[in-house]
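Chain by chain, the residues:
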Amino acid sequence: MNKEKYTMITNTLHLIEELYNINITILSRQENFISFEKKFHFHNTQTAITHENISRITSNYKEEIVYLTDSFMINYIIFHIHNIPILFGPFCSILLTSNDVRTILNRYKIQDLSIKDFFSYYNSFPVLTQSQAIHIVETLKKNLGNETNVKLHKITHDYITTAEKEDLYNIKREHDIPLIEKRYANEQHFLLSIEKGNIRSALMDLKNMEADVKYLKRLGTTLESERIGAAITRTSVRFAAMRAKLPVVLIDSLSRKNTIATIHAKTVDEILQAKETMIREFCLAIQNCKNNQQNALVQSIFYYLEHNYYKDITLDTLSDELNISKNHIITSFRKETNMTPMAYLRKIRLQQASILLSGTNLSVQEISMSVGIPDSNYFIKLFKKEYGTTPYSYRKQLTFTKK
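Nothing here was measured: the structure is a model prediction, and the numbers come from that model.

(A) The overall build of the protein, seen in detail. A tally of helices and strands in the protein yields 19 helices and five strands. In the protein, buried positions account for 43% of the 403 residues. Accessible area for the protein stands at about 22,800 Å²; split by element, carbon and sulfur atoms hold 52% of it.

Encoded structure:
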């Protein structure tokens with residue numbers, strides 16, 4: 001191969017490294033194999049990525065793309081371009097939970113590695129699905145090596161034993177029916193628990209439903225599949241909340257909050273935690289709705305103001321959010337509470353400010369900003385009217401009382 005073509009290949013590989021934050025190693029010399037092992041080999045159970053094994057694979061599979069998975073469920077792709085062996089990775093396609101890591105450590109009888117250390121190593125690698133990674137490699141081979149329809153060969157460390165694979169894939173039909181019936185019963189009970197606002201029961205039902213499909217997750221689970229699962233749960237919870245006559249604004253707000261948390265989650269555990277938080281908040285909202293006699297519109301105003309008090313809120317903001325006229329908002333809220341929505345908003349802001357004054361060292365100006373009142377002088381005036389003293393004196397009195 002001439003120098004110009006080799007330079008083009010290396011430049012393209014460097015570009016892919018930058019775009020996907022992925023390591024790509026050209027294995028043109030023996031020291032490259034050794035250097036790769038020194039850099040990424042973390043534990044002696046990772047026999048798949050010893051320099052001897054990688055060297056053997058590059059020699060035996062020159063015409064194929066090899067998708068290699070080690071004992072820690074970390075992936076690598078080995079391929080050739082113009083007979084130059086290249087290693088793409090490491091990368092992760094499964095985001096493991098603590099239970100998954102515990103299973104791996106127990107399986108290989110690893111006692112010199114903590115779960116925390118495992119995650120420090122594992123989470124240092126980029127996340128790519130198998131299809132994404134293979135597509136990148138196939139594109140490289142097509143454009144740099146003019147190769148198409150290359151055969152894919154998978155080499156996986158024995159993370160799952162043969163017996164477990166038979167349990168997973170050869171479940172008989174007669175065993176499926178009781179599982180389906182059980183899951184259906186759990187789902188119905190879950191909906192009723194949400195509708196009643198029973199947090200403990202709803203969370204228990206969630207655990208039971210997750211246990212029903214546990215056998216499907218022995219291979220681990222991807223972040224994307226958990227996002228889909230969270231969306232399904234969210235839809236069920238919304239349906240139960242509607243049956244409980246929770247105001248639609250509250251339903252939409254709580255649902256949107258979970259959607260955002262799920263999208264931004266970086267691990268499976270974060271998605272599961274967000275799901276549990278959503279269930280608690282929906283159940284609490286349903287409890288409050290049942291305990292209070294205010295109409296749905298007033299409940300919606302309460303919820304919006306209590307959860308957004310720190311924002312720049314006006315009657316126009318409320319009107320746009322609830323899709324109801326300002327006059328109707330004021331009339332309905334005053335009829336139920338004997339105050340206007342803006343007066344209630346000021347009350348919430350000042351209550352929150354009093355908490356910050358007593359529990360933090362933030363300055364009065366910082367507290368004023370954090371509760372949605374950017375003018376600190378106006379904040380001091382409102383605070384004195386509400387509590388009969390300035391914020392400074394209020395904090396001083398609390399400090400003296402504590403002593």
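(B) Region of the structure containing the sheet that holds strand β5 (residues 152-156). Across the sheet, five strands lie side by side as β1-β4-β3-β2-β5; this open sheet has mixed pairing. The open sheet is flanked by β1 (24-26) and β5, the only strands paired with a single partner. For this sheet, the mean inter-axis angle between neighbouring strands, taken without regard to orientation, is 20°. Note: strand β2 (residues 65-69) against β5, five bridges, orientation parallel. Along β5, the bridge assignment pairs Val-66 with His-153. Across the sheet, helix α6 (residues 130-145) lies against β2, β3 (75-81), β4 (84-91) and β5, angled at about 10° from β3, the strand it touches most.

(C) Representation of the packing of aromatic side chains within the structure. Within this structure, the stated rule accounts for 19 aromatic pairs. Ring geometry for Phe-42 and Tyr-121: centres 4.3 Å apart, planes at 5°, overall stacked. Here Phe-42 is found in the loop between α2 (30-40) and α3 (51-60), whereas its partner Tyr-121 is found in helix α5 (residues 115-122), with 79 residues between them in sequence. Taking relative accessible area as the criterion, Phe-42 reaches 35% and is therefore assigned partly exposed.

(D) Up close: a nonpolar patch on the surface. On the surface, Leu-15, Leu-19 and Tyr-20 cluster together into a nonpolar patch covering about 320 Å² of accessible area. Along the chain, Tyr-20 turns up in helix α1 (residues 3-20).

(E) Local environment of the side chain of His-80. Locating His-80 in the fold gives a position in strand β3. At 3.2 Å, the side chain of His-80 and the backbone oxygen of Thr-58 are in polar contact. Apart from residues lying up to four places away in sequence, His-80 is in contact with Thr-58, Tyr-61, Lys-62, Pro-85, Lys-141 and Glu-147.

(F) Inspection of the confidence of the model for the protein at higher detail. On average, residues of the protein score 83 in pLDDT, and 88% of them are at 70 or above. Taking the mean pLDDT of every element in the protein, the minimum, 39, falls on helix α7 (residues 162-169) and the maximum, 96, on β1. Counted against residues more than four places away or in other chains, residues 158-175, with its pLDDT under 50, gives 28 contacts. Predicted confidence is poor over residues 215-220, with pLDDT under 50, and the contacts of this stretch with residues over four places away or in other chains come to 17 contacts.

(G) Summary view of the packing of helix α14 (residues 315-322) against helix α15 (residues 326-337). Two elements in contact, α14 and α15, have axes separated by 9 Å at closest approach and are oriented at 95°. By the angle between their axes, α14 is roughly perpendicular relative to α15. Facing α14, whose interface residues are Leu-315, Asp-316, Leu-318, Ser-319 and Leu-322, α15 presents Lys-326, Ile-329 and Ile-330. Of the residues that constitute the contact of α14 with α15, the class distribution is five nonpolar, one polar and two charged.

(H) Expanded view of the pattern of salt bridges. Evaluated as defined, the whole model comprises eight salt bridges. Where Arg-29 meets Glu-31, a salt bridge forms, and the shortest distance between an N and an O atom there is 3.0 Å. Linking Lys-326 and Asp-316 is a salt bridge whose minimum nitrogen-to-oxygen distance equals 3.0 Å. One end of the pair, Lys-326, is in helix α15; the other, Asp-316, is in helix α14, with ten residues separating them in the sequence. A residue is classified by how much of its surface remains accessible, and Lys-326, at 36% relative accessible area, is partly exposed.

(I) Structural detail: the side chain of Gln-46. For Gln-46, the location among the structural elements is in the loop between α2 and α3. A polar side-chain atom of Gln-46 sits 2.9 Å from the main-chain amide nitrogen of His-43. In contact with Gln-46, other than residues within four places in its own chain, are Phe-40, His-41, Asp-70, Ser-71, Phe-72, Ile-74, Tyr-76 and Tyr-121.

(J) Local environment of unusual backbone geometry. Following Gly-89, the chain continues into Pro-90 via a peptide bond in cis, with omega recorded as 15°. With respect to the secondary-structure elements, Pro-90 resides in strand β4. For Lys-245, which is not glycine, the phi dihedral falls at a positive 65°. Along the polypeptide, Lys-245 turns up in the loop between α10 (223-243) and α11 (248-264). Overall, Lys-245 belongs to the exposed group, its relative accessible area being 66%.

(K) Highlighting α3. Taken as a whole, α3 has its buried residues at His-51, Asn-53, Ile-54, Ile-57 and Thr-58. Down the axis, α3 shows its buried residues gathered within 165° of arc, on one side only. If you follow the buried residues of α3, they end up packed against α2, β2, β3, β4 and β5.

(L) The arrangement of the pairing of β2 in detail. β2 sits mainly inside the fold: five of its five residues count as buried. Along β2, one buried face is formed by Ile-65, Tyr-67 and Thr-69 and the opposite face, lined by Val-66 and Leu-68, is buried too. The pairing of β2 with β3 spans four bridges and is antiparallel. Note on β3: the bridge partner recorded for Val-66 is Ile-78. Counting the residues between successive antiparallel strands, the hairpin from β2 to β3 contains five residues, one of them, Met-73, with a positive phi of roughly 65°.

Criteria and cut-off values
Residues numbered from 1 in each chain as written. Predicted model: local features only at pLDDT ≥ 70, side-chain atom pairs only at ≥ 80, totals over all residues. Heavy atoms only, no water. Helix = DSSP H or I, 4+ residues; strand = E, 2+ residues; numbered from the N terminus. Buried < 20%, exposed > 50% of the residue type's maximum accessible area, 1.4 Å probe, protein only. Areas by Shrake-Rupley, 256 points an atom, 1.4 Å probe, with all protein chains shown as cover. Pairing = 2+ DSSP bridges. Axes fitted to C-alpha atoms, helices over the stretch in contact; angles between N-to-C directions. Contact = heavy atoms within 4.5 Å. Phe/Tyr/Trp six-rings, centres within 6.5 Å; stacked < 30°, edge-to-face > 60°. Patch = residues over 30% accessible without salt bridge, like charges linked within 9 Å, V, L, I, M, F, W, Y side chains within 5 Å. Salt bridge = Lys/Arg side-chain N within 4 Å of Asp/Glu carboxyl O. Polar contact = N/O pair within 3.5 Å; in protein donor to acceptor, adjacent residues only side chain to side chain. pLDDT = per-residue confidence, 0-100. Parallel < 35°, antiparallel > 145°, perpendicular 65-115°, else oblique. Nonpolar A, V, L, I, M, F, W, Y, C, P; charged D, E, K, R; others polar. Arc of directions from axis to C-beta.

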